[in-house]
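# Descriptive structure summary
Chain by chain, the residues:
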Amino acid sequence: MKNGLTLRPLSRDDLPFLHELYSNKTSARYMRYGRHASIEQTRELLRHYLEDSCLPFALINENGDFAGYISLIPEHDDPVCGTYSATLMILPKFWNAGYGTEAVQGILKLLPDYPEVKRILGYIVDQNEGSWKIAEKCGFSRIKEIGIENDRFLYVYEYKCI
């Protein structure tokens, strides 16, 4: 990839890096479900990604550092429906390096290996302008806005794979 980013399958060894990401105050401001207070919360999330038909990938930069992750998660816990939601998180120290766009482009290139993925939805809080610009740049279309709290919105983006 352009910046030397590599996608590799997420593993249990990535727990400390995931926890750093999920407990980080800066990145938490864009998360829908809030910051992780304990490593047990992160361990449960990692278990879900590894055991529940998800497609999780670690983002490894050109120096071999864990920069973040991207995952496709079956909607409604049903991989048969073909709709997956995407989660992309990057450690703040790696923001604005082009890794977000590369990660999304990278996972889209992998889709022929995963024919069960027919459609990808991205749920992005309105304040996360960087993420919705990445979605639009990578061919996602904004299909809905959902009011969440305090005049904030969740934008729903869609990518049709077929």
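Refer to the structure presented above.
Residues numbered from 1 in each chain as written. Predicted model: local features only at pLDDT ≥ 70, side-chain atom pairs only at ≥ 80, totals over all residues. Heavy atoms only, no water.

Going through the model one piece at a time under the given rule, you end up with 11 salt bridges. One salt bridge connects Glu 51 with Arg 12, and the closest N-O pair in it is separated by 2.9 Å. Residue Glu 51 is found in helix α3 (residues 39-51), and its partner Arg 12 is found in the loop between β1 (6-9) and α1 (15-22); the two are separated by 39 residues along the sequence. Relative accessible area serves as the criterion here: at 45%, Glu 51 is assigned to the partly exposed category. (Salt bridge = Lys/Arg side-chain N within 4 Å of Asp/Glu carboxyl O. Helix = DSSP H or I, 4+ residues; strand = E, 2+ residues; numbered from the N terminus. Buried < 20%, exposed > 50% of the residue type's maximum accessible area, 1.4 Å probe, protein only.)

All right, on to the packing of α1 against α3 then. Relative orientation of the contacting elements α1 and α3 amounts to 115 degrees, with a least axis distance of 9 Å. Seen from above, α1 lies across α3 with right-handed handedness. Contacts between α1 and α3 involve Leu 15, Leu 18, His 19 and Tyr 22 from the first element and Ile 39, Thr 42, Arg 43, Leu 45, Leu 46 and Tyr 49 from the second. Counted by class, the contact of α1 with α3 contains seven nonpolar, two polar and one charged residues. (Axes fitted to C-alpha atoms, helices over the stretch in contact; angles between N-to-C directions. Left-handed = near helix turned anticlockwise from the far one by under 90°. Contact = heavy atoms within 4.5 Å. Nonpolar A, V, L, I, M, F, W, Y, C, P; charged D, E, K, R; others polar.)

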